[in-house]
Amino acid sequence: MSQHQLKYPIFGFMDFPVTFQIFGKTILAHPVFETVGIFIGMRYYFYLKRKSKEKLSFNTSAAVLIGATAGALIGSKLIGNLENPYTLFENFNFKRLWTNNTIIGGLAFGLIGVEWAKKIVGHKESTGDLIVYPLILAMIIGRIGCFLTGIHEETYGLPTDSIFGMHLGDQYLRHPVALYEIAFLIVLWIVLKIIQKKNKYPSGSIFQLFMLSYFSFRFLLDFIKPKIDIIGNLGTIQLVCICVIIYYIYKIKNSKKITK
């Protein structure tokens, strides 16, 4: 029996990986929860948008949505596949190319898509604050799916002897990195809400703080996840994180200068 066929109980009453029977096919938990997360996140976004005092024109809203979607789709697959560039170029497989995704690429390239779209329609104000909490909600739901999938997709942690170690579908105790991320996102949600209520910041500041915080967290988290080292002991995702962190430190410093 291979290590990927071993089953270990989750909390004593279910096994990794959790699967669902949908239209006669066995589907892993990750894509199911990811889809549910996107749907609920979008519904929450439209709910907040209806309540928001800041109204965007149809052209601006459409451009931002198209830019974000196109950028996120391209970026999630590009960075997802470049996590292991050797496999991508030496043994090309279209199915693997299409199914490899990462939220880091989606966020980074979604940002680029939005900025380009705003330049095309001539919109200069930030549009990011409204999406922050729906995005966090969608990510939390998606990470529940990552956790329930165990080692059957590359969203698990390295083996560990710490008290946090869990059996995720093989013989090793591993860091449950999906649970770490869920805990971080919940705390980040609370902190951003407190900041938003207590202080008045320029439009876009909450989104900037979210991006800076999340990419900093992911940079550190990837040290306890399996990865291919690209430069030194840094993987592709960590290199993207560094670029985004530098960009947002520059953005936040500039916005502070403008408001002084």
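Below is a short write-up of the structure. Keep in mind it's a predicted model, so treat the numbers as computed, not measured.

### Topic: the overall build of the protein
Piece 1. Regarding its fold elements, the protein presents 9 helices and 6 strands.
Piece 2. At 19 Å, the protein has a C-alpha radius of gyration in line with the 18 Å of a compact globule built from 260 residues.
Piece 3. In the protein, which comprises 260 residues, the share counted as buried stands at 41%.
Piece 4. Put simply, of all contacts in the protein between residues at least 6 apart along the chain, 65% involve residues at least 24 apart.
Piece 5. Here the protein has roughly 15,400 Å² of accessible surface; of this, 66% comes from carbon and sulfur atoms.
Piece 6. The protein carries 28 positive and 15 negative side-chain charges, and their two centres are separated by 13 Å.

### Considering the packing of aromatic side chains
We describe a pair of aromatic rings using the distance from one ring centre to the other and the angle between the two ring planes.
Piece 1. Counted by the stated rule, this structure contains 14 aromatic pairs.
Piece 2. Relative to Y47, the ring of Y44 lies with its centre 6.4 Å away and its plane at 20 degrees, an arrangement referred to as stacked. Of the two residues, Y44 and Y47 both sit in helix α1 (residues 29–51), 3 residues apart, roughly one turn of that helix.
Piece 3. When the centroid spacing of 5.0 Å and the interplanar angle of 85 degrees are considered together, the rings of Y247 and Y248 count as edge-to-face.
Piece 4. Among the aromatic residues, ring-to-ring pairing joins F207, F210, Y214, F215, Y247 and Y248 into one connected group.
Piece 5. For the cation-ring pair, K193 lies above Y133, with the distance from its terminal atom to the ring centre recorded as 4.3 Å.

### Overview of the packing of α1 against helix α6 (residues 132–149)
Piece 1. Interhelical geometry of α1 versus α6 gives an angle of 170 degrees and a closest axis separation of 8 Å. One finds that α1 runs roughly antiparallel with respect to α6. In contact with A29, H30, F33, E34, V36, G37, I38, I40, G41, Y44, Y45 and L48 of α1, α6 contributes Y133, P134, L137, A138, I141, G142, I144, G145, C146, L148 and T149.
Piece 2. A per-class count over the contact of α1 with α6 returns 16 nonpolar, 6 polar and 1 charged.

### Concerning the nonpolar core
Piece 1. Grouped together as the largest cluster of nonpolar side chains are 34 residues, with contacts concentrated most on V132, I136, L192, F210, M211, Y214 and F215.
Piece 2. Residue assignment for this core shows that the elements contributing at least two residues are α5 (103–121), α6, α7 (177–198), α8 (205–221) and α9 (236–259).
Piece 3. When sequence neighbours within four positions are dropped, the list of residues in contact with L192 reads V132, Y133, I136, I206, L209 and F210.

Rules of the game
- Residues numbered from 1 in each chain as written.
- Predicted model: local features only at pLDDT ≥ 70, side-chain atom pairs only at ≥ 80, totals over all residues.
- Heavy atoms only, no water.
- Helix = DSSP H or I, 4+ residues; strand = E, 2+ residues; numbered from the N terminus.
- Rg over C-alpha atoms; globule rule 2.2 N^0.38 Å.
- Buried < 20%, exposed > 50% of the residue type's maximum accessible area, 1.4 Å probe, protein only.
- Contact = heavy atoms within 4.5 Å.
- Areas by Shrake-Rupley, 256 points an atom, 1.4 Å probe, with all protein chains shown as cover.
- Lys, Arg positive; Asp, Glu negative; His and termini not counted.
- Charge placed at Lys NZ, Arg CZ, Asp CG, Glu CD.
- Phe/Tyr/Trp six-rings, centres within 6.5 Å; stacked < 30°, edge-to-face > 60°.
- Lys NZ or Arg CZ within 6 Å of the ring centre and 35° of its normal.
- Axes fitted to C-alpha atoms, helices over the stretch in contact; angles between N-to-C directions.
- Parallel < 35°, antiparallel > 145°, perpendicular 65-115°, else oblique.
- Nonpolar A, V, L, I, M, F, W, Y, C, P; charged D, E, K, R; others polar.
- Core = buried A, V, L, I, M, F, W, Y, C linked by side-chain atoms within 4.5 Å.

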